[in-house]
Amino acid sequence: MYDADHNRTETRVGQKDIKISCKDVQVYYGTNHAIKDVSVEIEDKTVTAFIGPSGCGKSTFLRCLNRMNDTIDIARIEGDILIDGEDIYDKRVDPVQLRAKVGMVFQKPNPFPKSIYDNVAYGPKIHGLAKNKAELDDIVERALKRAAIWDEVKDRLDASGTGLSGGQQQRLCIARAVATEPEVLLMDEPCSALDPIATGQVEELIDELRQNYSVVIVTHSMQQAARVSQKTAFFHLGDLVEYGETEKIFTNPQDSRTESYITGRIG
Ligand SMILES: Nc1ncnc2c1ncn2[C@@H]1O[C@H](COP(=O)(O)OP(=O)(O)OP(=O)(O)O)[C@@H](O)[C@H]1O
């Protein structure tokens, strides 16, 4: 956000800066009103979990944050979403540039059918982040290290990304997302296709990533939300019912719908 003299000002909650500010957001798929008047401020350097029963709008809302809903013809979005004070739906914003800044990791690991190296190098190449091969090598190495997979793949960077195990593929996809120097990482059920060991590794990684990014994760697992997030948003039938400290949402929810969900009575 900027004040009258164009100096950067920050809205603070506790010690954390606000990274994403959403106001009165509505999403419609045709006549289906999937997100109803949602306002929320998402912190920087924090993991925020979106939880709620199937069909409540978690993924829809997540996709608003990097304009992935633009690719769905019948989707219509109203309201304001600002990242660092800038309206991401402004006509001047290029969605491709936006998605480099707001990276996304999907439910099913989806590496390109290319080498491990090329999977990570692709984004930095198209965004012109490296002047030469040595710089590109550096970016690839840094991203793979950040995604905690470098040691496992450093001797076979030319091998196909699709030949890795599911957990490795997901960490490769995380490396691909962080290679373009994003500021926000969106994760849509990133562990749902992984076994418990790979899930543990990715969860550990999410905890490390929050030192550098604002991470928003959709999860069906309340245990996972409790393990990895500091803030939790509970959605129900398109409404954001409750948002706050994860510990408080799970131990002392204010709304009866949240309580019913976390105690397993709905969902
Ligand atoms: N591409 C789409 N086209 C039309 N309607 C959609 C689309 N995606 C989602 N919806 C509708 O929007 C509503 C919210 O769905 P969404 O997938 O966001 O919920 P969710 O909470 O992420 O569900 P789940 O936990 O099952 O993934 C549902 O009514 C769903 O049918």
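Being a predicted model, the structure only gives us computed values, none of them experimental. (Residues numbered from 1 in each chain as written. Predicted model: local features only at pLDDT ≥ 70, side-chain atom pairs only at ≥ 80, totals over all residues.)

Trainee: It is not clear to me how the overall build of the protein should be interpreted in this structure. Could you clarify?
Mentor: When its secondary structure is counted, the protein shows 10 helices and 11 strands. Against the 2.2 N^0.38 benchmark of 18 Å for 267 residues, the protein shows a C-alpha radius of gyration of 19 Å, consistent with a compact globule. Buried residues in the protein amount to 41% of all 267 residues. Within the protein, contacts between residues separated by at least 24 positions form 68% of all contacts whose residues are at least 6 apart in sequence. (Helix = DSSP H or I, 4+ residues; strand = E, 2+ residues; numbered from the N terminus. Rg over C-alpha atoms; globule rule 2.2 N^0.38 Å. Buried ≥ 20, exposed ≤ 12 C-beta atoms within 10 Å, placed from the backbone. Contact = placed C-beta atoms within 7 Å.)

Trainee: Would you mind showing me how to read the packing of helix H3 (residues 116-126) against helix H4 (residues 133-146) here?
Mentor: If you want to describe how two helices pack, look at the angle between their axes and the distance between the axes. Running from amino to carboxyl end, H3 crosses H4 at an angle of 115°, the nearest separation of the two axes being 9 Å. Crossing of H3 over H4 shows right-handed handedness. On H4, the residues touching Tyr117, Val120, Ala121, Pro124 and Lys125 of H3 are Leu136, Ile139, Val140, Ala143 and Leu144. (Axes fitted to C-alpha atoms, helices over the stretch in contact; angles between N-to-C directions. Left-handed = near helix turned anticlockwise from the far one by under 90°.)

Trainee: Is there a simple way to explain the site of the ligand in this structure?
Mentor: Near the ligand, the surroundings consist of 13 residues, among which Tyr29, Ala34, Ser54, Ser59 and Thr60 are the closest. Residue assignment for the shell around the ligand shows that the elements contributing at least two residues are strand E3 (32-43) and helix H1 (58-64). For the shell around the ligand, the element with the highest residue contribution is H1, accounting for 3 residues. Taken together, the residues that form the shell around the ligand break down as 5 nonpolar, 7 polar and 1 charged. (Near = placed C-beta within 6 Å. Nonpolar A, V, L, I, M, F, W, Y, C, P; charged D, E, K, R; others polar.)

Trainee: Help me understand H3 in this model?
Mentor: Given 3.6 residues to a turn, an α-helix orients residues that are three or four positions apart in the same direction. Taken as a whole, H3 has its buried residues at Ile116, Asn119, Val120, Ala121, Gly123 and Pro124. Contacts made by the buried residues of H3 are with helix H2 (95-101), H4, helix H5 (150-153) and helix H6 (166-178). Following H3 by one or two positions, glycine 128 has its phi on the positive side, about 60°.

Trainee: In this structure, what is going on with H4? I would like to understand it.
Mentor: Taking 1.5 Å per residue, 14 residues should reach 20 Å; H4 reaches 20 Å between its end C-alpha atoms and fits that length. Restricting attention to buried positions, one finds in H4 the residues Ile139, Val140, Ala143, Leu144 and Arg146. When H4 is viewed along its axis, its buried side chains cluster within an angular range of 160° and face the same direction. Opposite the buried face of H4, by more than 90 degrees, sit the exposed residues Ala134 and Asp138. Along its buried surface, H4 packs onto H3, H5 and H6. One or two positions beyond H4, positive phi appears at alanine 148, with a value near 55°. (Expected span 1.5 Å × (residues − 1). Arc of directions from axis to C-beta.)

Trainee: Is there a simple way to think about the sheet that holds strand E11 (residues 239-245) in this case?
Mentor: Across a sheet, paired strands are connected by hydrogen bonds in the backbone, their directions being either parallel or antiparallel. Reading across the sheet, the 6 strands line up as E7-E8-E9-E4-E10-E11 and stay open at both edges, with mixed pairing between neighbours. Of all strands in the sheet, those bounded by a partner on one side alone are strand E7 (102-105) and E11. Averaged over all pairs of adjacent strands, the angle between strand axes in this sheet comes to 15°, irrespective of strand direction. Two elements, E7 and strand E8 (residues 184-188), share 4 bridges in a ladder whose sense is parallel. Bridge assignment links methionine 104 to a residue of E8, and that residue is leucine 186. Here H6 sits on the sheet in contact with E7 and E8, set at roughly 170° to E7. (Pairing = 2+ DSSP bridges.)

Trainee: Quick question: what am I supposed to make of unusual backbone geometry here?
Mentor: When glycine is set aside, most residues are seen to have a negative phi, and most peptide bonds are trans. We note that alanine 148 has phi near 55°; this positive angle belongs to a residue other than glycine. By the secondary structure assignment, alanine 148 is in the loop between H4 and H5. With a phi angle near 50°, leucine 237 is a residue other than glycine that sits in the positive phi range. With respect to the element layout, leucine 237 can be found in the loop between strand E10 (231-236) and E11. We classify leucine 237 as partly exposed; it has 14 C-beta atoms within 10 Å.

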